[in-house]
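# Structural characterization, general
Here is how the chains run, residue by residue.
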Amino acid sequence: QVQLVESGGGLVQAGASLRLSCAASELTFSSYVMAWFRQAPEKEREFAAVINWDSSVTYYADSVKGRFTISRDNAKNTVYLQMNRLKPEDTAVYYCAARPTPNGVWLGVTDYGFWGQGTQVTVSS
């Protein structure tokens, strides 16, 4: 059973930084595309960032481009989301997702079959 466990969320002020982590287990991590999504209150879950198996390809939503960086460490089975210059509109539950294919830029919620439980990020103004 694939398991994804996010950590690193919290309450910060606007302009601050946070780094989210997602530890994966029970999968061949380097065979998976990994992504981060987020869901704000009363809104649909939306794509934030994606990374392919060897980190050669990354892609970001326009709303986070230039502020967020996705990375992965295949030796540690972990994917990260470095979030800088946070804004109140970044407030959401952040979810890690995995797709069992090594390549491709997958942007839809339905493109991913494995999800973590989420970690709350709250940015105050």
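Residues numbered from 1 in each chain as written. Predicted model: local features only at pLDDT ≥ 70, side-chain atom pairs only at ≥ 80, totals over all residues. Heavy atoms only, no water.

## Observations regarding the sheet that holds strand β8 (residues 78–83)
Strand pairs in the sheet, formed through backbone hydrogen bonds, run parallel or antiparallel to each other. Strand order in this open sheet of four strands is β1-β3-β8-β7, and the pairing throughout is antiparallel. Looking at strand neighbours, the two that pair on one side only are β1 (3–7) and β7 (68–73), the edges of this open sheet. For this sheet, the mean angle separating the axes of adjacent strands, direction not counted, is 15°. Of the pairings in the sheet, the one linking β1 to strand β3 (residues 18–25) comprises five bridges and is antiparallel in character. Paired with L4 across the bridge in β3 is A24. (Pairing = 2+ DSSP bridges. Helix = DSSP H or I, 4+ residues; strand = E, 2+ residues; numbered from the N terminus. Axes fitted to C-alpha atoms, helices over the stretch in contact; angles between N-to-C directions.)

## With respect to the packing of aromatic side chains
In the structure shown here, the tally under the stated rule is six aromatic pairs. Taken together, the ring pairs in this structure connect F37, F47, Y59, Y112 and W115 into an aromatic cluster. The side chain of R72 reaches across the aromatic face of F29, ending 4.4 Å from its centre. (Phe/Tyr/Trp six-rings, centres within 6.5 Å; stacked < 30°, edge-to-face > 60°. Lys NZ or Arg CZ within 6 Å of the ring centre and 35° of its normal.)

## Examining the state of the cysteines
Covalent bonding between the sulfur atoms of two cysteines is what defines a disulfide. As enumerated under the stated definition, the model contains one disulfide in all. Put simply, C22 and C96 are joined by a disulfide, and their sulfur atoms are 2.1 Å apart. Since a negative S-S torsion denotes a left-handed disulfide, the C22-C96 link at about -75° is left-handed. Here C22, found in strand β3, pairs with C96, found in strand β9 (residues 92–99); they are 74 residues apart in sequence, far enough to count as distant. (Disulfide = S-S within 2.5 Å.)

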